[in-house]
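# Structure at a glance
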Amino acid sequence: MLLGVNIDHVATLRNARGGIEPDVIQAALICEENGATSITTHLREDRRHIKDDDVYTLIKTIKTKLNLEMAMADDIQKIALKIKPYSICLVPEKRQEVTTEGGLDVASQTEKVSEFIRPLLDAGIIVSLFIDPDLNQVQASALTGAQFIEMHTGSYSEAFASNNEQDEFLKLKSAAKYAQSLGLKVNAGHGLNYQNVHRMKEIDGLYELNIGHSIISRAVFTGLPEAVRKMNDLIK
Ligand code: PXP
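The sections below set out a description of the structure shown in this document. (Residues numbered from 1 in each chain as written. Predicted model: local features only at pLDDT ≥ 70, side-chain atom pairs only at ≥ 80, totals over all residues. Heavy atoms only, no water.)

### Digging into the site of the ligand
Formally: Nearness is judged by heavy atoms alone; a residue qualifies as near a molecule or strand once a single heavy atom is within 4 Å of it. The definition of a polar contact used here is a pair of N or O atoms within 3.5 Å, where within protein one atom must be able to donate a hydrogen and the other to accept one, and adjacent residues in sequence count solely through side-chain atom pairs. Surface accessibility in these figures is a Shrake-Rupley result with a 1.4 Å probe; residues are shielded only by whichever protein chains are displayed. Amino acid classes used here: Ala, Val, Leu, Ile, Met, Phe, Trp, Tyr, Cys and Pro are nonpolar; Asp, Glu, Lys and Arg are charged; the rest, including Gly, are polar.
Among the 14 residues in the neighbourhood of the ligand, the closest are listed as Glu69, Glu150, Gly191, Gly212 and His213. Contacts to the ligand include Asn6, whose side-chain N or O atom sits 3.4 Å from an oxygen atom. Contact distances for the ligand include 2.5 Å between a nitrogen atom and a side-chain N or O atom of Glu150. In isolation the ligand exposes 400 Å². Once the protein is present, 93% of that is buried. Its residues assigned to classes, the shell around the ligand comprises three nonpolar, nine polar and two charged.

### Some thoughts on the side chain of Glu32
Our working definition: Every helix listed is a DSSP run of H or I at least four residues long, and every strand listed is a run of E at least two residues long, numbered separately from the N terminus. Buried, partly exposed and exposed residues are distinguished by accessible area as a fraction of the type maximum, computed with a 1.4 Å probe on protein chains only: under 20%, between the cut-offs, and over 50%, respectively. Counting rule applied: Lys, Arg positive; Asp, Glu negative; His and chain ends not counted. Salt bridge, as applied in this entry: a Lys or Arg side-chain nitrogen positioned within 4 Å of an Asp or Glu carboxyl oxygen. Any two residues having at least one pair of non-hydrogen atoms within 4.5 Å are treated as being in contact.
Residue position: Glu32 is located in helix 2 (residues 24-33). At 4.8 Å, Lys63 is the nearest oppositely charged side chain to Glu32, a buried residue that forms no salt bridge. Those residues in contact with Glu32 that sit more than four places away from it in its chain are Ile39, Ile62, Lys63 and Thr64.

### So, the pairing of strand 3 (residues 65-70)
Convention followed: A pair of strands is considered paired only if DSSP assigns at least 2 bridges between the two. We call a crossover right-handed when, viewed with both strands directed away from the observer, the connection leading from the first strand over the helix to the second proceeds clockwise.
The element strand 3 is extensively covered by neighbouring structure, given that six of its six residues are classed as buried. Where strand 2 (residues 38-42) and strand 3 come together, five bridges link them in parallel fashion. Paired with Ile39 across the two strands is Leu66, which belongs to strand 3. In this view, the connection linking strand 2 to its parallel neighbour strand 3 by way of helix 3 (residues 52-61) has right-handed handedness. Pairing between strand 3 and strand 4 (residues 87-90): four bridges, direction parallel. Bridge pairing links Glu69 to Cys89 in strand 4.

### Overview of the pattern of salt bridges
Per the stated rule, a full pass over the model turns up nine salt bridges. Between Glu208 and Lys65 there is a salt bridge, with its nearest N and O atoms 3.9 Å apart. Linking Glu208 in strand 8 (residues 208-211) with Lys65 in strand 3, this pair joins segments that are 143 residues apart in sequence. The closest approach of N and O atoms between Arg199 and Glu202, which form a salt bridge, is 3.0 Å. The buried category is assigned to Arg199, whose relative accessible area is 11%.

Here it is as structure tokens:
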């Protein structure tokens, strides 16, 4: 399983003082040097962490793949078409949320999603849809032309070590299996940490995990190189 590291919270810390440190680009390079196979970043409509300049510099600097998380917004689509990241992950976005709260509802807007991603696919950008592990959402995603889904692991992560853990885990497992049977490749992420991540290895064929908050949090104590290496050890 591959590890994509989400570096948004390095930018959150930087923006707290409005200066230039910690340097987001340096963080991305350290992640790559220590085993990250892609760098994920969410250019939010409110630019609360990553800014346009970060994305323009990242695409020129990193050596692995840039995975750009984005909402269905025309101005962000324009930026994606300009910089051409390796992949984009389409996420829902609400101004008031602290982080991405739920998966994208592809089932109720399949045509709209298909139309939105078409120019991105035509430009050779791989498209992933961030959805809840729900079979209807998986089925709808397969109709859009996207090559990947990213399963939202937030409910599993919250249920970890509680009575609901197994139910939430099985939702992920069956959604992944169904997606693969429809020809989709499957990533996962959100809320994964050093305690709960090991169960992702029980899901056959999971391609890449995108993990941010727990890695950046651990890095405060151990440094970023150790935090990335440790997560990679756990998912290999
Ligand atoms: N995947 C997606 C689509 C996300 O929106 C996020 C959060 O930005 C993550 C993965 C990473 O989540 P976390 O920071 O909880 O590891």
